[in-house]
Amino acid sequence: MCGIIGVTGVDDALPVLLEGLGRLEYRGYDSAGVALVTNTGLWRARAAEGTHSVRDLLVGGGDPPPLASIGIGHTRWATHGQPDTGNAHPHFDCTGRLALVHNGIIENHAELARDLVRGGHVLTSKTDSEVLSHLIETEMVRGTSLAEGLRRALRHVRGSFAVAAVHAEEPDLIVAARRISPLIVGVEGGTSFLASDIPALLGATRRLFALEDDQLAELRPGTMRVTDLYGAHARPAALTIDWDAAAAGQDGYDDFMTKEIHEQPKAVAATLRGRRAPDGTLVLDESAGLSHDDLRSIERVCIVACGSSYHAGLVAKYAIEQWAGLPTDVDIASEFRYRNPILNERTLTIGVSQSGETVDTLQGLRAARERGGKVLVVSNVVDSSMAREADGVLYTRAGPEVGVAATKTHLTQIVALELLALVLAQARGTRAAGEIASLMDQLLALPDTLEAVLERTKDVAEVAQELTDARDFFYLGRHVGHPVALEGALKAKEISYVRAEGYAAGELKHGPIALIEPGTVVVGVATRNCLWEKMCSNIEEVRSRGATIVLVGNDGDERTADLADHMLWVPAVDPMLAPVVDALPLQFLAYWLAQARGHDVDRPRNLAKTVTVE
Ligand code: M6R
């Protein structure tokens, strides 16, 4: 988490930094800050309430900020030290001539800090990051350049970093380096840039490169030199940019979440476009790197992901097992790599990650590669770290997602994984061609169905209004409705701040039903699938204990409506595809609950969109 940015070689660096920080805000917004290199030394502004307040700080009161052609900036998701101004980046060294921004975690910061303090350094923050400024200072006192100082400093460090530093003695230079945390660099005319992620630089340049682990870039106006941590020449990876600045904007919507919810039909259609060959067979992009022989030789699938991406993986388990007949495990990435997953060359490991940068998933996939078998990534970001490291990539084509709550990327992940399940079934001959064609037709019809559900947002708003004061929610589902319930509960937790437990409805009686009492809200995914009758029984069980019942049900299904206090209606689709449709009213429900409680849906507390720490 955290976002960093830097620019050198512009007339006025500050607006460029603020604009970029605004676009990186989804990586964290506990605090923000910038440092400029001016004729008289470094100038710094920091604030503890997100980049808007940095902007306010700069334009409101006091001396106007100086004009500078070079600067660095940071937006923070706090790990070490409270989210206050003192812990905000950039951090200085003792001389106040060096400023540094950092994303990641310096795991051995405590021992480094102890040695620095013994050596006479004064550390002013509680962050792990500040040790880096002082380590570079130590090296520079010995007469090295800023770049060599950073190289040497990083050799002492354990953990993850994307780091950028400027120094008053080298007033046109930014040095930057990475390990695990992402960092991109670019040059356009006489200007050079760096940022944590592509959206920050959209509009500035399309010539972007991703630094690899332990690479260091020296950026001067219009030039870039990349080395490894020992000074040997190195080559960063050129990036393919297929997003434009407009796609990353708010486009007249009140917030990004609303915009992204409304983009779902388009995103699903884009993800499915071109996947059917003229002869009717289903095809994956070449980038997926899966030949017919590969698809036929797979004996087992292992899905690794976090959060909403994990929930998409859970849906895929049902589809892959049912259609392709392949045993499929789904693992939470942060657990996967620390157990002993049994994989072999006939295992297909699939990493599901919107950002392609989530460190738990990235490290999980690295562990899988070491154990053998192919690694495929389902990602929304072209040339993300995972995409570059995997054997193949299946891209969701949702366009940039800025809202912290995953919406359009979650639906497109389900669709991409279901497409993969059908391709596996086709290659392995586990389903008849006619059935595969029919399911593909139904997948292709989903955008129209989603358009119809989007029309119903006001109905959901009315239900949310009725539930404004409720604090305890259970989200229940069975079969593919279970991951839908988990995802609905996650959405409610993260943006509405209600206690929302997602459960397999049949599991409730094994303990959690003790928590049901009058006033508890039970949200059930009760669209028709093979377990609908059992689901109805489970709803009866909580209804008889006084819960308020909200059900997602198929249009006109009066038997389901009889069980509910409030209905969220959706059109009926094939049960295996229903998660794509049923998720939508639950996104709306979380959205309107958050609105009713006055929360900022795009900036939920304590969260960041891209989680690059363990
Ligand atoms: O970028 P990823 O898909 O790897 O992110 C994984 C989770 O952090 C993410 O899905 C998170 O749970 C959502 N933002 C929740 O809405």
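Counting restarts for each chain, with residues numbered from 1 along the sequence as it is written. For a predicted model such as this one, the threshold for reporting local features is a pLDDT of at least 70, and the threshold for listing and counting side-chain atom pairs is 80 or more; totals across whole chains, interfaces and linings nevertheless cover every residue. Side-chain numbers come from the whole structure's heavy atoms, not from hydrogens or water.

(A) Local environment of unusual backbone geometry. Residues His89 and Pro90 are joined by a peptide bond in cis, for which omega reads 0 degrees. Along the polypeptide, Pro90 turns up in the loop between strand S4 (70-76) and strand S5 (91-92). Look at His479: it is not a glycine, yet its phi comes out positive at around 55 degrees. Mapped onto the elements, His479 comes out in the loop between strand S20 (472-477) and helix H16 (481-496). A run of H or I in DSSP counts as a helix once it spans at least four residues, and a run of E counts as a strand once it spans at least two, with each numbered from the N terminus.

(B) Seen up close, the pairing of strand S13 (residues 223-228). Strand pairing follows a simple DSSP-based rule, namely that at least 2 bridges must link the two strands. Bridge analysis of strand S12 (residues 215-220) against S13 gives 6 bridges, and the strand direction is antiparallel. Bridge assignment links Leu219 to a residue of S13, and that residue is Met224. Two successive antiparallel strands, S12 and S13, enclose a turn made up of 2 residues, where Gly222 displays a positive phi of approximately 80 degrees.

(C) Molecular detail of the packing of helix H3 (residues 109-118) against helix H4 (residues 130-141). Contact pair H3 / H4: the axes reach a minimum separation of 10 Å and the direction vectors enclose 45 degrees. In terms of orientation, H3 lies oblique with respect to H4. In this structure, H3 crosses over H4, and the sense of that crossing is left-handed. Across the interface between the two elements, His109, Leu112, Ala113 and Leu116 from H3 touch Val131, His134, Leu135 and Thr138 from H4. Residue polarity is assigned by list, with Asp, Glu, Lys and Arg as charged and Ala, Val, Leu, Ile, Met, Phe, Trp, Tyr, Cys and Pro as nonpolar; anything else, Gly included, falls into the polar class. Here the contact of H3 with H4 is composed, by residue class, of 5 nonpolar, 3 polar and no charged. Lines fitted to the C-alpha atoms define the axes, with helices restricted to the stretch that makes contact. Angles between their N-to-C directions range from 0 to 180 degrees. For classification purposes, an angle smaller than 35 degrees is called roughly parallel, one larger than 145 roughly antiparallel, one from 65 to 115 roughly perpendicular, and anything else oblique. Each helix crossing is assigned a hand: it is left-handed if the near helix lies turned anticlockwise from the far helix by less than a right angle, otherwise right-handed if that turn is clockwise. What makes two residues a contact is simply this: any of their non-hydrogen atoms within 4.5 Å.

(D) Just the sheet that holds strand S10 (residues 191-195), in detail. Ordered in space as S3-S2-S4-S1-S10-S9-S11-S14, the 8 strands form an open sheet in which the pairing is antiparallel. Because the sheet does not close on itself, it has two edges, and the strands there are strand S3 (41-47) and strand S14 (237-238). Relative to S14, strand S11 (residues 208-210) runs antiparallel, the two being bridged by 2 bridges. Note that in S14 the partner of Phe209 across the bridge is Ala238. The sheet contacts of helix H1 (residues 13-24) involve strand S1 (3-8), strand S2 (31-38), S4 and S10, and relative to S1 the element is tilted by about 155 degrees.

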